[in-house]
Amino acid sequence: MSSVALSVSDLFKLFTTDQGGVKAVQGINFNVESGDFFTLLGPSGCGKSTTLRCIAGLERPDGGDIVIEDTVVVSADRKFFMPTHKRPIGMVFQSYAIWPHMNVFDNVAFPLTQGSVRLPKSQVRDRVLEALQLVRLEGLEKRPAPQLSGGQQQRLALARALVREPKALLLDEPLSNLDAKLRDEMRIELKLLTQRLNITTIFVTHDQLEALTLSDQIAIMQEGHIIQLGTPQDIYSAPASKFAAEFIGNTNMFEGKVTSSSADGLQVNVGVANLDCSSLHTFAVGDAVAVAVRPENCRVTVDQPANVDGNVLEGQVETVVFLGDALDCRIRVGDYLVRSHLHPSSSVQAGDTVYLAMLTSDCRVLPFDSVAVTPQVARVTA
């Protein structure tokens, strides 16, 4: 049975500026299970990096508690703050922060030779070589760090973070400086490495694809709050708000008002039609809402479909873009430009009149955004 490796409770961080105070983190709570890959996801300025820096000890919180593997590292009420070098963590920064005047071996050995607990030279060598082998940099011990490629520098930063055998690995957008192909390769390497080591990992990113492919749990942040927490599958298929739906993956968003509500679902008038929808929320007739439908759930046909359990809209194709594995099709339906993904062999062309079929269960009714604090949360299972 898994146990909680990291607990963050009522974390609050205020930055003082000339214009007043900025509430960067506003009383957030989350637990991370041992060995989980946990992602803080959100746009710039949402508080995700500040949260990570509080866990690392690079920022002093104004309120809250942080516990790593039963070790209290922050307790605002008791005015206790453990310095970074004493925390059982390893961290990789966005810029990697490797020492340019050192070779590969010395970069990785630095935390063991300059840290609070220094090891004998024989142990240092064994630990460094083991860390380099983990990240596939063995044989490059003597190479100057600046002579490494971007991907190698990223792996060097990982090796230096892992050499201390930390209880938690903290990653602050470590893939953002890589080109697209290398970023894709390093995503896979990072996922395999953290799984093999079974190390608890806290990852910060604004990239939704990174979050979906790497994470066991995702916390979406907005204006210093966690607005939704769950597995990638949960958040993608059942977003809790308009903001979450639009931030994770591509989505079509219709706006309208609830015209009827029953135990079987809702009907929403979106101007071009009345849509039969499902919802995880409770709404009353007349409420202004948004209806989210993923592009892959908008099925396109040239002939009007019969006996559809859901909604059918008629529209005209405006653009068709070949993506290799799919056609990205934009269809004009009244004032809406609806996006759909078609098989690349589809013969649909710009100007065609088509029909969009959408199952009731795929049409999710969401409230208009209002930032709300997520309560203390436990692990959400798929």
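Residues numbered from 1 in each chain as written. Predicted model: local features only at pLDDT ≥ 70, side-chain atom pairs only at ≥ 80, totals over all residues. Heavy atoms only, no water.

### Concerning the overall build of the protein chain
This is how the line gets drawn: Labels follow the DSSP assignment, with helices taken as runs of H or I lasting at least four residues and strands as runs of E lasting at least two, numbered in each case from the N terminus. Any two residues having at least one pair of non-hydrogen atoms within 4.5 Å are treated as being in contact. All accessible-area figures derive from a Shrake-Rupley calculation using a 1.4 Å probe, and residue coverage is judged against the displayed protein chains alone. Positive: Lys, Arg. Negative: Asp, Glu. His and the chain ends are not part of the count. Here the site of a charge means atom NZ of a Lys, CZ of an Arg, CG of an Asp or CD of a Glu.
In terms of helices and strands, the protein chain carries eight helices and 21 strands. If one aligns the C-alpha atoms of the protein chain with their principal axes, the spans along those axes are about 75 × 50 × 50 Å. Counting only contacts in the protein chain whose residues sit at least 6 apart along the sequence, the fraction spanning at least 24 positions is 66%. Looking at the protein chain as shown, the accessible area adds up to about 18,100 Å², and 49% of this sits on carbon and sulfur atoms. Charged side chains of the protein chain number 34 positive and 43 negative; the gap between the two group centres comes to 11 Å.

### With respect to helix α4 (residues 150–162)
For the record, the criterion: Take the residue count of a helix, subtract one, and multiply by 1.5 Å to get its expected span. When a residue's accessible area, from a 1.4 Å probe over protein chains only, is under 20% of the maximum for its type it is buried; when over 50% it is exposed; and in between it is partly exposed.
Spanning 13 residues, α4 covers 19 Å between terminal C-alpha atoms, matching the ideal 18 Å at 1.5 Å per step. For α4, the buried fraction is high: twelve of the 13 residues fall into the buried class. Among all positions of α4, only G151, Q152, Q153, Q154, R155, L156, A157, L158, A159, R160, A161 and L162 are buried. The inward-facing, buried residues of α4 contact β7 (89–92), α2 (104–114), α3 (121–134), β8 (168–172) and α5 (180–197).

### Here's the deal with the environment of C298
Mapping C298 onto the fold places it in the loop between β15 (288–293) and β16 (299–301). The sequence separation of C298 and L52 amounts to 246 residues, and the corresponding C-alpha distance is 38 Å. Discounting chain neighbours no more than four positions away, the residues touching C298 are N252, V293, V338, R339, S340, L356, A357 and M358.

### Considerations on the environment of E185
Within the secondary structure, E185 sits in helix α5. Using a relative accessible area of 35% as the deciding quantity, one classes E185 as partly exposed. As for E185 and P146, which are separated by 39 residues in sequence, their C-alpha atoms are 21 Å apart.

### Side note on the packing of aromatic side chains
As a reminder, the rule being used: The criterion for an aromatic pair is that two Phe, Tyr or Trp rings (for Trp, the six-membered ring) have centres within 6.5 Å, with stacked assigned to planes under 30 degrees apart, edge-to-face to planes over 60 apart and tilted to the rest. Lysine NZ or arginine CZ positioned within 6 Å of the ring centre and within 35 degrees of the ring normal marks a charge as sitting over the ring.
Under the defined criterion, the tally for this structure stands at five aromatic pairs. Here the aromatic rings of F30 and F38 are separated by 4.7 Å at their centres, their planes lie at 15°, and the arrangement is stacked. Of the two residues examined, F30 and F38, each falls in the buried class. Consider the rings of W99 and F110, whose centres lie 5.4 Å apart with planes at 50°: the pair is tilted. Pair noted here: W99 is in the loop between β7 and α2 and F110 is in helix α2, with a separation of eleven residues, a long-range link. The ring of F81 is capped by R87, whose NZ or CZ atom sits 4.8 Å from the centre of that ring.

### So, the state of the cysteines
Note the threshold: Here, two cysteine sulfur atoms that lie within 2.5 Å of each other are counted as a disulfide.
Scanning the model with the defined rule gives zero disulfides in all. C277 takes part in no disulfide bond, and the closest cysteine sulfur, belonging to C363, lies 5.1 Å away.

### Overview of the pattern of salt bridges
This is how the line gets drawn: The salt bridge definition used is simple: a Lys or Arg side-chain nitrogen within 4 Å of an Asp or Glu carboxyl oxygen.
Throughout the structure, instances matching the rule amount to eleven salt bridges. Notably, a salt bridge pairs E189 with R136, separated by 2.1 Å at the nearest N-O pair. Of this pair, E189 sits in helix α5 while R136 sits in the loop between α3 and α4, placing them 53 residues apart in sequence. Among the residues examined, R136 registers a relative accessible area of 48% and is labelled partly exposed. The salt bridge partner of D328 is R339, with a shortest N-O separation of 2.8 Å. Of this pair, D328 sits in strand β18 (residues 327–333) while R339 sits in strand β19 (residues 336–342), and the two are eleven residues apart along the sequence. Ionic contacts of the salt-bridge type, sharing partners, join the residues R136, R155 and E189 into one network.

### Concerning the sheet that holds strand β11 (residues 225–230)
Our working definition: In this scheme, strands are said to pair when DSSP sees at least two bridges between them. Lines fitted to C-alpha atoms define the axes here, with helix axes fitted over just the stretch in contact, and angles between the N-to-C directions of these axes take values from 0 to 180 degrees.
The six strands are arranged β7-β8-β9-β3-β10-β11 in an open sheet whose pairing can be described as mixed. The outermost strands of the open sheet, each flanked by one partner alone, are β7 and β11. Taking each pair of neighbouring strands and ignoring which way they run, the sheet shows an average axis angle of 20°. Inspection of the sheet shows β8 paired to strand β9 (residues 200–205) by five bridges, in the parallel sense. Across the sheet, residue L170 finds its bridge partner in β9, namely I202. Sitting on the sheet, α4 touches β7 and β8, and the angle it makes with β7 is about 165°.

### Digging into unusual backbone geometry
At E69, a position not held by glycine, the phi torsion is positive, near 50°. As for its placement among the helices and strands, E69 is situated in the loop between β4 (63–68) and β5 (71–75). Relative accessible area serves as the criterion here: at 29%, E69 is assigned to the partly exposed category. The backbone of N198 shows a phi angle near 55°, a positive value even though the residue is not glycine. Relative to the helices and strands, N198 is located in the loop between α5 and β9. Judged by relative accessible area, N198 falls into the exposed class, the value being 52%.

### Focus on the nonpolar core
For clarity, the threshold we go by: Among buried residues, those of type Ala, Val, Leu, Ile, Met, Phe, Trp, Tyr and Cys that are joined through side-chain atoms within 4.5 Å constitute a nonpolar core.
Ranked by internal contacts, the top residues of the largest apolar core, which has 35 residues, are V108, V128, L156, L158 and L171. Counting only elements with at least two residues in this core, the list comes to α2, α3, α4, β8 and α5. Here this core takes six residues from α4, the largest share from any one element. The contact partners of L158, leaving out residues within four places of it in the chain, are V92, V135, L169, L171, L190 and L193. With 31 residues, the next largest nonpolar core counts I28, F30, F38 and A219 among its residues.

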